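Tertiary structure, described
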Amino acid sequence: MRAAMRPVVQCGDAKFHGAAVEIGQSLGTDSDDMTQEQWGALRQSLCDTLGENNYKAWIEPLHFDGLKDGVATFGAPTHFVGNYVSQNFGDAMLHHINALNGNVRRLNFRVMQDAGEMRGANESGRPAAPAKAAAAAQSAPASSDLLPSGALDQRFTFDSFVVGKPNALAHAAARRVADGGEVTFNPLFLHGGVGLGKTHLMHAIAWELRTRNPHLNVLYLSAEQFMYRFVQALRDRRMMDFKSIFRSVDVLMVDDVQFISGKDSTQEEFFHTFNALVDQNKQIVISADRAPDAIKDLENRIRSRLQSGLVVDLHPTDYELRLGILQTKVEQQRQHYPDVEIADGVLEFLAHRISSNVRVLEGALTRLFAFASLIGRKMDMDLTHECLTDVLRANERKVSVEEIQRKVAEHYNIRLSDMIGPRRTRTFARPRQVAMFLSKKLTQRSLPEIGRRFGGRDHTTVMHGVKRIEELVREDGQLAEDIELLRRALEA
Ligand SMILES: Nc1ncnc2c1ncn2[C@@H]1O[C@H](COP(=O)(O)OP(=O)(O)OP(=O)(O)O)[C@@H](O)[C@H]1O
């Protein structure tokens, strides 16, 4: 069955002449064919549902091939468009198709074969998809199961990324890549410890590039997904498809590349993909939990390739950055919990105490908001301690008695030997008691253990020293302040 007329789709104020739909052209037809009118109606309802911009950018370039055995197949100008539509509008399309024709179980997207086919799908005068997209689809059609994109998190944008000293360089480099201008450093290699924002920055680059140019073929995936697709292609004897997909991207982003260490065949394929893209001047962005030279079991030629662009380190966060991130995350949480009140000092306390990684910090804040909202309490220090006992304990900095002795001796300007020596004049006794008090508060040591570290003193001497300081801080503001300063310095 062939289409006799072209549907006209009315979207907002604009009217679009629909594509020359040739139903059943590619797949053959059978009794579950959709009619041309139904395709027109489908486009109309998608336009109404998704809005004019989405319709023009994503739906209009599609070519409806036909419906066979409950599978509706569409031609898309690039892998990226097919993948994006499938991920973002697939459910809506299925819903609307089934409202018209209840036989559809699944949607399938394939890459259109040539520019002629793309023009056919794009009669509205908008330029056909770039020639490279056609080139990408040169060989056998790559079906959507080999489209390997990792999902992008909508929250991970440049707007929500807080910049501070430890990540300023990584942020600037990511911004430069996201501008999509000339490829100046290739690859951009971002590395840093757990939860410091590598994935966030990569997603931000991908969002920005896609926003600037929706037809740019940006492929983001983890090294694990790369290996999985590679193994799948080997198993299914579809290496040509695999190579064609990976070598036709405009920007390749591979997260957690340390995953391929020790995996020889995956490294080999990664190396060839990498070279092919660099030769075409295509941008590559890589992340790992360590610098290329620290990744074990990596072939030297790959290591040196990874080092050949710009290698940037995301340093551990500092207090200011953590506080900034918390303030940003509070704004996000407010959307879910508008009524939760936060007492002064709570965010500062969290930024001070939870320094392991941003993911833990974020998790602590989310838990506090949920807790405060559920039991209808203000988010204050009491609630924070109640709710985050485990997190705070896990983040406790392990301070040693020796460190405390050194710090206190420095503060009171006495020698370390006098701190643990026998002299009992106040000049030495008071700092010693302060150090004992801090040892009791900041370490897990028992009184006898502390005593042993103070020149073999008895545990009752330590107990007396701790009690004395507890009494004194109630009346002596200066001493209380000194102790607080020392505690912060030791925990920092
Ligand atoms: N500078 C920042 N501004 C805002 N959010 C941040 C920042 N750094 C990290 N985060 C947040 O911390 C969480 C963890 O970040 P991300 O997943 O990017 O870390 P990662 O470095 O990729 O960690 P991993 O090594 O575990 O993969 C995310 O929710 C992210 O939004």
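Residues numbered from 1 in each chain as written. Predicted model: local features only at pLDDT ≥ 70, side-chain atom pairs only at ≥ 80, totals over all residues. Heavy atoms only, no water.

Secondary structure summary: the protein contains 22 helices and 10 strands in total. Expressed as a percentage of the 492 residues in the protein, the buried residues total 50%. Partitioning the intrachain contacts of the protein with sequence separation of at least 6 by distance along the chain shows that 73% fall at a separation of at least 24. With the model as given, the accessible surface of the protein reaches about 23,300 Å², and the carbon-plus-sulfur share is 49%. (Helix = DSSP H or I, 4+ residues; strand = E, 2+ residues; numbered from the N terminus. Buried < 20%, exposed > 50% of the residue type's maximum accessible area, 1.4 Å probe, protein only. Contact = heavy atoms within 4.5 Å. Areas by Shrake-Rupley, 256 points an atom, 1.4 Å probe, with all protein chains shown as cover.)

Before going further, it helps to spend a moment on a nonpolar patch on the surface. Judged by side-chain polarity, F371, L374 and I375 come together as a nonpolar surface patch covering roughly 310 Å² of accessible area. Along the chain, L374 turns up in helix α14 (residues 358-375). Its relative accessible area of 74% is what places L374 among the exposed residues. (Patch = residues over 30% accessible without salt bridge, like charges linked within 9 Å, V, L, I, M, F, W, Y side chains within 5 Å. Salt bridge = Lys/Arg side-chain N within 4 Å of Asp/Glu carboxyl O.)

Okay, the site of the ligand next. Taken together, 19 residues are adjacent to the ligand, and V162, K198, T199, H200 and E362 come closest. Contact between the ligand and N167: a nitrogen atom at 3.3 Å from a side-chain N or O atom of the residue. A distance of 2.7 Å is found between an oxygen atom of the ligand and a side-chain nitrogen or oxygen belonging to T199. Coverage of the ligand by the protein amounts to 91% of the 630 Å² it exposes when considered alone. Broken down by secondary-structure element, the contributors of at least two residues to the shell around the ligand are α7 (198-212), α12 (319-334) and α14. Tallied by class, the residues present in the shell around the ligand amount to seven nonpolar, seven polar and five charged. (Near = heavy atom within 4 Å. Polar contact = N/O pair within 3.5 Å; in protein donor to acceptor, adjacent residues only side chain to side chain. Nonpolar A, V, L, I, M, F, W, Y, C, P; charged D, E, K, R; others polar.)

The next point concerns the side chain of Q283. If you trace the backbone, Q283 turns up in strand β9 (residues 283-288). Judged by relative accessible area, Q283 falls into the buried class, the value being 8%. A polar side-chain atom of Q283 sits 3.1 Å from the main-chain carbonyl oxygen of F185. In terms of polar contacts, Q283 uses its side chain to reach the side chain of N186, at 3.3 Å. Beyond its immediate sequence surroundings of up to four residues, Q283 is in contact with V177, V183, F185, N186, L188, D250, V251 and L252.

On to the packing of aromatic side chains. Enumeration according to the criterion identifies nine aromatic pairs in this entry. On the basis of an interplanar angle of 50 degrees and a centroid distance of 5.2 Å, the ring pair of F64 and F74 is categorised as tilted. Highlighted residues: F64 in strand β3 (residues 63-68) and F74 in strand β4 (residues 71-76), separated in sequence by 10 residues. F74 carries the same exposure label as F64, and that label is buried. In this arrangement the basic side chain of R175 is found over the ring face of F158, its NZ or CZ atom lying 4.2 Å from the centre. Stacked on the ring of F271, the Lys or Arg R301 has its end atom at 4.1 Å from the ring centre. (Phe/Tyr/Trp six-rings, centres within 6.5 Å; stacked < 30°, edge-to-face > 60°. Lys NZ or Arg CZ within 6 Å of the ring centre and 35° of its normal.)

On to the pattern of salt bridges, then. Within this structure, the stated rule accounts for 22 salt bridges. E341 is paired through a salt bridge with K378; the nearest N and O atoms lie 3.7 Å apart. Here the residue E341 occupies a position in the loop between α12 and α13 (346-353), and K378 occupies one in the loop between α14 and α15 (381-387), the gap between them amounting to 37 residues. If you follow the salt bridges from partner to partner, you end up with D179, E208 and R212 in one network.

Before going further, it helps to spend a moment on the confidence of the model for the protein. Per-residue confidence for the protein gives a mean pLDDT of 81; residues scoring 70 or more make up 84%. This stretch, residues 1-32, has a pLDDT under 50; its non-local contacts, to residues over four places away or in other chains, come to 94 contacts. Ignoring residues within four places in sequence, the model shows residues 118-147, a span with pLDDT below 50, making 66 contacts including any to other chains. (pLDDT = per-residue confidence, 0-100.)

Strand-to-strand pairing in sheets goes through backbone hydrogen bonds, with the strands running parallel or antiparallel. One open sheet holds the five strands; their spatial order is β7-β8-β9-β6-β10, and the pairing between them is parallel. Taken across any chain shown, the strands that pair with only one partner, and hence form the sheet edges, are β7 (218-222) and β10 (310-314). Averaged over all pairs of adjacent strands, the angle between strand axes in this sheet comes to 15 degrees, irrespective of strand direction. On the sheet, helix α8 (residues 223-235) packs against β7 and β8 (251-255) and is oriented at approximately 95 degrees with respect to β7. With respect to the sheet, helix α10 (residues 264-279) is in contact with β8 and β9, its orientation differing from that of β9 by roughly 140 degrees. (Pairing = 2+ DSSP bridges. Axes fitted to C-alpha atoms, helices over the stretch in contact; angles between N-to-C directions.)

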